Amino acid sequence: MTTPNKTPPGADPKQLERTGTVREIGSQAVWSLSSCKPGFGVDQLRDDNLETYWQSDGSQPHLVNIQFRRKTTVKTLCIYADYKSDESYTPSKISVRVGNNFHNLQEIRGVGNKVQAESLPQRDWAKTSKADHAGQQLELVEPSGWIHVPLTDSHKKPIRTFMIQIAVLANHQNGRDTHMRQIKVYTPVEESSIGKFPRCTTIDFMMYRSIR
């Protein structure tokens, strides 16, 4: 019997932000959870600290709901999981759903095992996302790092949605409750119609790219 390959970590999302091609928009949404242990909720999921985490406190599936006030373009979902620290609390099967509200959510197409290899640069994300006729679930094998989930349609274009739902369907070692350490949501940055200039990607340039 062969042992499944471990899920390789993706790039640190902060590296993607520095390219100027995407922007994190989680702060524009209302976040809610199906359950949480006191002191291990949304604040810990969004505090930019990989040492803290959300811990569910209920029956599966465990849900993270991300609701925007207006229809929003989303390109990538980044989830941090750490099997080395969390063991049986680590998700092993995840479903990502989008829609207008709780009543018409649909599972993202093409979120299959290929996303396990999501250590590719941003320009290659679309190559790992194959659209099919039904939604798929993301299988994770002892992940320790960032997991990148492309939020694209069958034409490889970013999705426009009011809501994203992440459902943890199973944990490693048949664990009941789950841990997630961070979740980030990214939208593409539009090119200026006035003129296109080289992107400021170095720290020195980024210090002067906006008017104070």
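This section reports on the structure supplied with the text. Please read these numbers as outputs of a predicted model, since none were measured by experiment.

Conventions adopted
- Residues numbered from 1 in each chain as written.
- Predicted model: local features only at pLDDT ≥ 70, side-chain atom pairs only at ≥ 80, totals over all residues.
- Heavy atoms only, no water.
- Helix = DSSP H or I, 4+ residues; strand = E, 2+ residues; numbered from the N terminus.
- Buried < 20%, exposed > 50% of the residue type's maximum accessible area, 1.4 Å probe, protein only.
- Contact = heavy atoms within 4.5 Å.
- Areas by Shrake-Rupley, 256 points an atom, 1.4 Å probe, with all protein chains shown as cover.
- Pairing = 2+ DSSP bridges.
- Core = buried A, V, L, I, M, F, W, Y, C linked by side-chain atoms within 4.5 Å.
- Polar contact = N/O pair within 3.5 Å; in protein donor to acceptor, adjacent residues only side chain to side chain.
- Axes fitted to C-alpha atoms, helices over the stretch in contact; angles between N-to-C directions.

### Description of the overall build of the chain
Along the chain, the regular secondary structure elements total four helices and 12 strands. Counting the 212 residues in the chain, one finds 44% classified as buried. Sequence-distant contacts in the chain: of pairs separated by 6 or more residues, those separated by 24 or more amount to 79%. Accessible surface for the chain amounts to roughly 11,900 Å². Of this, 50% is attributable to carbon and sulfur atoms.

### A short note on the pairing of strand β4 (residues 62-74)
Sheet topology note: the strand β2 (residues 29-33)/β4 ladder contains five bridges and is antiparallel. Its bridge partner being in β4, Ala 29 is matched across the sheet by Phe 68. Two elements, β4 and strand β10 (residues 159-171), share nine bridges in a ladder whose sense is antiparallel. Opposite Asn 65, over in β10, you have Gln 165 as the bridge partner.

### Focus: unusual backbone geometry
Working note: non-glycine residues mostly have negative phi, and peptide bonds are mostly trans. Gln 60 connects to Pro 61 through a cis peptide bond whose omega is 0 degrees. Tracing the chain through its elements places Pro 61 in the loop between β3 (54-55) and β4. Even without being a glycine, Asn 174 presents a positive backbone phi close to 60 degrees.

### Details of the nonpolar core
Of all hydrophobic cores here, the largest spans 29 residues; its most connected members are Ile 66 and Ile 183. Elements with a minimum of two residues in this core: β2, β4, β5 (76-82), β6 (91-99), β9 (144-150), β10 and β12 (182-188). Apart from the residues lying within four places of it in its own chain, the contact partners of Ile 66 are Ala 29, Val 30, Trp 31, Phe 162, Met 163, Ile 164, Ile 166, Ile 183 and Val 185. If you look at the next biggest cluster of nonpolar residues, it comprises six residues, including Leu 16, Val 22, Cys 78 and Tyr 186.

### Observations regarding the side chain of Thr 187
You can see Thr 187 is positioned in strand β12. For Thr 187, the side chain forms a polar contact with the main-chain oxygen of Thr 73, separated by 2.7 Å. Excluding its chain neighbours within four sequence positions, the residues that come into contact with Thr 187 are Thr 21, Val 22, Arg 23, Ile 25, Thr 73 and Lys 75.

### So, the environment of Pro 38
As for its position among the elements, Pro 38 is in the loop between β2 and α2 (42-45). Overall, the relative accessible area of 69% leaves Pro 38 in the exposed class.

### Focus: the sheet that holds β9
The strand order β1-β12-β5-β9 describes an open sheet built from four strands, whose pairing is antiparallel. The open sheet has two edge strands, β1 (22-24) and β9, and neither has a second partner. Shown here is a sheet whose adjacent strand axes are inclined to one another by a mean of 25 degrees, direction ignored. Two elements, β1 and β12, share three bridges in a ladder whose sense is antiparallel.

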